[in-house]
Amino acid sequence: MVAELQRPLVAILFLWHTARVLPMPDPKTREALIELEASQQTGGQMVLTDLEKLLDVRLYRMKQDEMAKANFPPAMHFFKAKPLIERSPIFNLLQKMPKGGALHVHDLAMGDPEWLVKNATYRPNCYMCITDKQSVNFVFSSGQPKSIPKCSPWMLLETLRNKSVNVTHLDNSILANLTLFTDGDPEALYPDQDVVWAKFELNFMAVMGLIAYAPVFRDYYYHGLSQFYKDNVMYVEIRALLLQVYELNGSTHDSAWALETYRDITRQFIADHPDFFGSRFIFVVHRTIDASELKGLVEEAVKLRRDFPDIMAGFDLVGREDDGKPIWYFRDALSLPAEMGVTLPYFFHAGETNQEGTEVDQNMLDAILFNTSRIGHGFALIRHPLAREISRKRGVAVEVCPISNQVLKLVDDLRNHPAAALLSQNHPMVISSDDPAMFGSSGLSYDFYEAFVGFGGNRSHVGMLKQLAINSILFSSLSPQFQEKALNMWQRKWEEFVSENAYEKQLCGFGHLFCFHPSRS
């Protein structure tokens, strides 16, 4: 049948046309068409080893069981589906899988929010105030901080806990301000995009006060890397605000200090974990900024890239697209690097919207016009055939973040996510997790599960998983030389993973000794 797939498409269509005049289509033609279509999806032309084929049989059988369940996780809100996913054998396998790189992750939401509560807020000199929107702000200070508008007087958390009747309740109430995740009904709590985005942004403001404190800044980044490393991710590209980090005495550090600190901690993490490849950073600015202000920040980004070429990857605009200014509004500022004769790669968030035909929706084309290196989310790309065709030809990958798109109300049932169609066309794509701390997930495995089981259905296979992992390196901002090194490192991990998981393991006899048998179709 391989030879059949290599037949020119015209010949296949001729056979189909011929079959139309017969009482019944030729089964061989039908089989050829099915295989040809399957070969065109992501990973469809991947040649599998014998062990990979065995693993594929295992995964297929697992998926059949999963799809037969009454409560199918990708069809449910992630907050409800999470415990089901965690009991899934597929998820367990994906956690072990080397996933390559995470290319769309935000600095303020890469770690565990419980770590912030149990670690950061228990440090000395941590103050909290309650805003008029019933959210919280934090600051570390050696003395009573100055009051800020629309917030209660600052309360020292150490004192507050000492006076609290129920410290666990207090900690849980703090945690609720650092994540969107809820054990309650998420649809009732977040009925529409306006509500969920309002809470989303308030949470970021709360987190910012903790992470912008220099000691927490360092420790949180190391902790965040640990979260991804534990999930078998070997490389991360982080959208970073490059906060004005402060010390206990109120003195502040600039963006260069933040990048230098990130670089030092990354090196330390690699020294502690030699099979971790590293991190790079995309400097981001909120899209509510004025165009005149952005010019100075673009110039700053150019300087940072010149001074930190090893870790500074490029520039992006962040924040809710529907409320922010479109890319075209910033065209003068974004044209500055070209006018200066320098290169500043762009990695634009674009198409994270359902507002078809609006100025916001045109971000999809404008991102392409400004030669974006990748497209963040690209949820609307399926509605832009020209942008889709150009991005395919240029090899501009879409950074798909399934759980983020669902939680932030772009799609309810992940089987209906536009990325399912893009996968079927082998459109350049990577899977990432965006803001895992905000969604109650971690690393990449949850998002890989939703993509593999939800987007792919019965058609997704080991070849697709393998190709998506490879894509995360090939579409990274790493130089070709470093991509090759990362691919070699990943390949070794992949082969170990396949070797260890191609066969089912069963407990045999006394002493619970492992025995093996091949997966059977």
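All chains use their own residue numbering, which begins from 1 and follows the written sequence. Only residues with pLDDT of 70 or above have their local features reported here, since the model is predicted, and side-chain atom pairs are shown and tallied only from 80 upward, although totals for entire chains, interfaces and linings are computed over all residues. Water and hydrogen atoms were dropped before computing side-chain values, which therefore reflect all heavy atoms in the structure.

A. Examining the sheet that holds strand β4 (residues 155-156) more closely. Strands are labelled as partners when DSSP assigns at least two bridges between them. Labels follow the DSSP assignment, with helices taken as runs of H or I lasting at least four residues and strands as runs of E lasting at least two, numbered in each case from the N terminus. Pairing in this open sheet of 3 strands is antiparallel, and the strands run β3-β2-β4 from one edge to the other. The two strands at the open ends of the sheet, each matched to only one other strand, are β3 (136-140) and β4. Examined bridge by bridge, strand β2 (residues 126-130) and β3 share 5 bridges and lie antiparallel to one another. Note on β3: the bridge partner recorded for Tyr127 is Val139.

B. Empty space enclosed by the protein, seen in detail. A pocket, in this scheme, is an open set of points on a 1 Å grid over the protein atoms alone with protein on both sides within 12 Å along at least 5 of 7 lines, while a cavity is a set where a 1.4 Å probe fits but cannot get out; residues line either one if an atom lies within 4 Å of a point. Grid points are joined across faces, edges and corners, and a volume is the space filled by probe spheres set on the points. Taken as a whole and judged by the stated rule, the model has 3 cavities of 30 Å³ or more. Computed from the structure, the largest cavity encloses a volume of approximately 60 Å³. As for the largest cavity, its lining consists of Gln193, Trp197, Arg320, Glu321, Asp322, Glu352, Thr353, Leu408 and Leu410. Of the residues belonging to the lining of the largest cavity, the class tally is 3 nonpolar, 2 polar and 4 charged. Estimates place the volume of the second largest cavity at around 40 Å³. When residues in the lining of the second largest cavity are grouped by element, the largest group, 3 residues, is from helix α12 (residues 214-230). Residues were grouped as follows: Ala, Val, Leu, Ile, Met, Phe, Trp, Tyr, Cys and Pro as nonpolar; Asp, Glu, Lys and Arg as charged; and all remaining residues, including Gly, as polar. Here the residues of the lining of the second largest cavity sort into 7 nonpolar, no polar and 1 charged.

C. Fine view of the pairing of strand β9 (residues 374-377). In terms of strand pairing, strand β8 (residues 349-350) meets β9 through 2 bridges, oriented parallel. The residue bridging Ala350 from the neighbouring strand is His377, located in β9. Note that β9 and strand β10 (residues 397-400) share 3 bridges and pair parallel. Looking at β10, one finds that Arg374 is bridged to Ala397. If you view a crossover with the strands going away from you and the path from the first strand over the helix to the second runs clockwise, you call it right-handed. Crossover β9 to β10 through helix α18 (residues 385-394) is right-handed.

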